[in-house]
Amino acid sequence: MLAEHVAWHLREAWRPMLFAKDQAAKSQRDPVAPASRSKAAERKAQKRLAENGQPIHSFQTLMQELTGIERSTCRAPGSTDLDATFQVATTANTVQQRALDLAAQFKV
């Protein structure tokens with residue numbers, strides 16, 4: 001249940017990067033009428049690009065994109081188990097950095 005709660009908050013934070021419904025359009029539509037895509041959603045789906053030119057993702061593909069970020073614990077060549085270690089992290093690409101920035105802005 002906690003994982004689903006976290007995923008829901010991430011979907012909300014990453015809404016600009018995902019194939020997600022526009023909240024303003026969602027609040028104005030008739031809840032009984034059949035759902036239909038807005039013109040903005042149609043453009044987003046056809047171009048697969050956001051307004052800023054960045055690629056649009058599903059939640060799963062964005063999570064997969066984020067798996068490219070890794071942190072490794074390293075030790076200098078020839079050192080022993082008692083010697084100090086250091087951390088090396090990959091640099092996030094523009095899509096990964098935007099996702100991290102959006103997630104950092106979201107307050108629970």
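Thresholds applied
Throughout this description, residue numbers start from 1 for each chain and increase along the sequence as written. In view of the model being predicted, local features appear only for residues whose pLDDT reaches at least 70, and side-chain atom pairs are presented and counted only at 80 or more, with totals across whole chains, interfaces and linings using the full set of residues. With hydrogens and water stripped out, all remaining heavy atoms of the structure feed into the side-chain values. The secondary structure listing takes helices from DSSP runs of H or I that are at least 4 residues long and strands from runs of E that are at least 2 residues long, numbered from the N terminus. Our radius of gyration looks at C-alpha atoms and nothing else; its globule reference is 2.2 Å times the residue count to the power 0.38. The buried label goes to any residue with under 20% of its type's maximum accessible area, the exposed label to any with over 50%, and the partly exposed label to all in between, with areas taken from a 1.4 Å probe on protein chains only. Residue contacts are counted whenever heavy atoms from the two residues lie within 4.5 Å of one another. Every accessible area reported is derived by Shrake-Rupley at a probe size of 1.4 Å, with residue values counting cover from the shown protein chains alone. Positive charges come from Lys and Arg, negative ones from Asp and Glu, while His and the chain ends are left out of the count. Throughout, a charge is located at the NZ atom of Lys, the CZ atom of Arg, the CG atom of Asp or the CD atom of Glu. As a rule, the C-alpha atoms of each element are fitted with a line to give its axis, helices using only the stretch in contact, and angles between N-to-C directions run from 0 to 180 degrees. For classification purposes, angles smaller than 35 degrees are called roughly parallel, those larger than 145 roughly antiparallel, those between 65 and 115 roughly perpendicular, and all remaining angles oblique. Under this grouping Gly is polar, as are all residues other than the nonpolar Ala, Val, Leu, Ile, Met, Phe, Trp, Tyr, Cys and Pro and the charged Asp, Glu, Lys and Arg. N or O atoms closer than or at 3.5 Å make up a polar contact, with two conditions inside protein: a donor-capable atom paired with an acceptor-capable one, and, for residues adjacent in sequence, both atoms drawn from side chains. By definition here, a salt bridge exists when the distance from a side-chain nitrogen of Lys or Arg to a carboxyl oxygen of Asp or Glu is within 4 Å.

Observations concerning the overall build of the protein chain
- Counting secondary structure elements, the protein chain contains five helices and two strands.
- Along the protein chain, helices and strands appear, N-terminal first, in the series α-α-α-α-β-β-α.
- Taking 13 Å as the expected radius of gyration for a compact globule of 108 residues, we find that the protein chain reaches 20 Å, considerably beyond that expectation.
- Considering only C-alpha atoms, the protein chain reaches an extent of 70 × 35 × 20 Å along its principal axes.
- Buried positions account for 17% of the 108 residues belonging to the protein chain.
- Restricting the contact set of the protein chain to residue pairs at least 6 apart, pairs at least 24 apart contribute 60%.
- Counting every atom, the protein chain has about 8400 Å² of accessible surface; 56% of that belongs to carbon and sulfur.
- When the 15 basic and 11 acidic side-chain charges of the protein chain are each reduced to a single mean position, those positions are 9 Å apart.

Considerations on the packing of helix H4 (residues 59–66) against helix H5 (residues 94–105)
- H5 packs onto H4 with a crossing angle of 110° between their chain directions and a minimal axis gap of 9 Å. Considered as vectors, H4 and H5 are oriented roughly perpendicular to each other. The segment H4 lies against H5, with Leu62, Glu65 and Leu66 engaging Val95, Gln96 and Ala99.
- For the contact of H4 with H5, a count of residues per class yields four nonpolar, one polar and one charged.

So, the environment of Lys39
- Position of Lys39 relative to the elements: it lies in helix H3 (residues 39–47).
- With a relative accessible area of 68%, Lys39 lands in the exposed category.
- For the pair Lys39 and Glu51, spaced twelve residues apart in sequence, the C-alpha to C-alpha distance is 13 Å.

Some words on the side chain of His57
- You can see His57 is positioned in the loop between H3 and H4.
- Judged by relative accessible area, His57 falls into the buried class, the value being 10%.
- Side chain to side chain, His57 and Thr61 meet in a polar contact 3.2 Å long.
- Aside from chain neighbours lying at most four places away, what touches His57 is Met17, Leu18, Phe19, Leu62, Glu65 and Val95.

Observations concerning the pattern of salt bridges
- This model, assessed by the stated rule, comprises two salt bridges.
- Where Glu4 meets Arg11, a salt bridge forms, and the shortest distance between an N and an O atom there is 3.8 Å.
- By relative accessible area, Arg11 is classed as partly exposed at 31%.
- Taking the shortest distance from any N to any O, the salt bridge between Arg15 and Glu12 comes out at 2.8 Å.
- A relative accessible area of 19% places Arg15 in the buried class.

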